Amino acid sequence: MKTVKLLTGILAFTTFAVRLKAQHSLPVLRANTVSIDVREGKNFYKGYWSASPSVKKDVYYAHRFTLSNNITFISDVDSVSFHLQPGKTYPFIILLNGRDSCYTEISTIRQTYHKQPGQAVNTDSIPFTIGQDGRIYIDGTVNHSAPLRFFFDNGADNTIVFPSAFKKGLQLVLDDSVQNNATGGTTMRGTSNSAIVQLGLMQWDN
């Protein structure tokens, strides 16, 4: 029995060592606070990212660029940099307080649209209206829902739906979560990786 326990202990230790080695084969950013600054090219974003050990994999979508770009994540004690190219992902770990691993990935992959079958139109256009508040609004659907009204925000990186959309019959499967940083604070939001968004004749999958 002692031999079995010893072998079990060795096996457990070996498994832990392998996991630890695999974990630290990724770049590691040490941090003592969840607030992370981001520098993309010439642009600096103070407190733009929040480290979250509770999220399985937190994906940071880089702003659009041509050819290549440099990005640096800056904590209170450390920094890590990547040379970005389109269509790539760059995983790394934010090690919070020396013990919590926040698995993070920078993505430069952007899903492009396709047109509905049988609709061979050479010119792409999205109809819009100007509201009384001076903002741009676009009619569209999510998962073939009833028409929804979208506010066009050129500073947003994600498509966001409000609870009022569900009252119009929107069916949306939330299969992940992400920390949403806004002027009102930081909140965990559910996300969907399988939604279909349609604007005019153009459709974006997943």
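Just above sits the structure.
This structure is a prediction, so every number in the text was calculated from the model and none was measured. (Residues numbered from 1 in each chain as written. Predicted model: local features only at pLDDT ≥ 70, side-chain atom pairs only at ≥ 80, totals over all residues. Heavy atoms only, no water.)

### Quick notes on the side chain of Thr108
Topologically, Thr108 is positioned in the loop between strand 8 (100-107) and strand 9 (114-115). At 2.8 Å, the side chain of Thr108 forms a polar contact with the backbone nitrogen of Lys88. Excluding residues that lie within four positions of it along the chain, Thr108 makes contacts with Ala62, Phe65, Leu84, Gln85, Pro86, Gly87, Lys88 and Tyr90. (Helix = DSSP H or I, 4+ residues; strand = E, 2+ residues; numbered from the N terminus. Polar contact = N/O pair within 3.5 Å; in protein donor to acceptor, adjacent residues only side chain to side chain. Contact = heavy atoms within 4.5 Å.)

### Things to note about the pairing of strand 7 (residues 89-96)
Counting buried residues in strand 7 gives six out of eight residues, a clear majority hidden from the surface. Where strand 1 (residues 28-31) lies against strand 7, four bridges are found, and the strand directions are parallel. Bridge assignment links Leu29 to a residue of strand 7, and that residue is Ile94. Of the pairings in the sheet, the one linking strand 7 to strand 8 comprises eight bridges and is antiparallel in character. Within strand 8, the residue paired with Leu96 across the bridge is Asp100. The turn joining strand 7 and strand 8, which pair antiparallel and follow one another in sequence, is formed by three residues; a positive phi near 55° is taken by Asn97. (Buried < 20%, exposed > 50% of the residue type's maximum accessible area, 1.4 Å probe, protein only. Pairing = 2+ DSSP bridges.)

### So, unusual backbone geometry
The phi angle of most residues is negative, glycine excepted, and most peptide bonds adopt the trans form. The backbone of Asn143 sits at a positive phi, close to 55°, despite the residue not being glycine. Position of Asn143 relative to the elements: it lies in the loop between strand 11 (136-142) and strand 12 (148-151). Judged by relative accessible area, Asn143 falls into the partly exposed class, the value being 24%. With a phi close to 60°, His144 is a non-glycine residue in the positive phi region. Position of His144 relative to the elements: it lies in the loop between strand 11 and strand 12.

### Considerations on the nonpolar core
One finds Tyr60, Ile71, Phe73, Phe82, Phe92, Ile94 and Ile106 to be the most contacted residues of the largest nonpolar core, which totals 19 residues. Within the residue set of this core, elements represented by two or more residues are strand 1, strand 2 (35-40), strand 5 (69-74), strand 6 (79-84), strand 7 and strand 8. Other than its neighbours up to four places away in sequence, Ile94 contacts Leu29, Ala31, Ile36, Trp49, Ala51, Asp100, Ser101, Cys102 and Thr104. Counting nine residues, the second-largest nonpolar core is a separate cluster that includes Ile138, Ala195, Val197 and Leu199. (Core = buried A, V, L, I, M, F, W, Y, C linked by side-chain atoms within 4.5 Å.)

### Points about the sheet that holds strand 8
Pairing within the open sheet is mixed, and its four strands lie in the order 1-7-8-4. If you trace the sheet from one side to the other, it starts and ends with strand 1 and strand 4 (58-61), each paired once. Here the strands of the sheet are splayed against their neighbours by 30° on average, with no regard to which way each runs. (Axes fitted to C-alpha atoms, helices over the stretch in contact; angles between N-to-C directions.)

### What about the sheet that holds strand 2?
Taken in spatial order, the four strands line up as 3-2-5-6 in an open sheet, and their pairing is antiparallel. The sheet is open, and its two edges are formed by strand 3 (43-50) and strand 6, each paired on a single side. Averaged over all adjacent pairs, the angle separating strand axes in this sheet is 20°, with direction ignored. Here strand 2 runs beside strand 5; their pairing, made up of four bridges, is antiparallel. Opposite Asp37, over in strand 5, you have Ile74 as the bridge partner.

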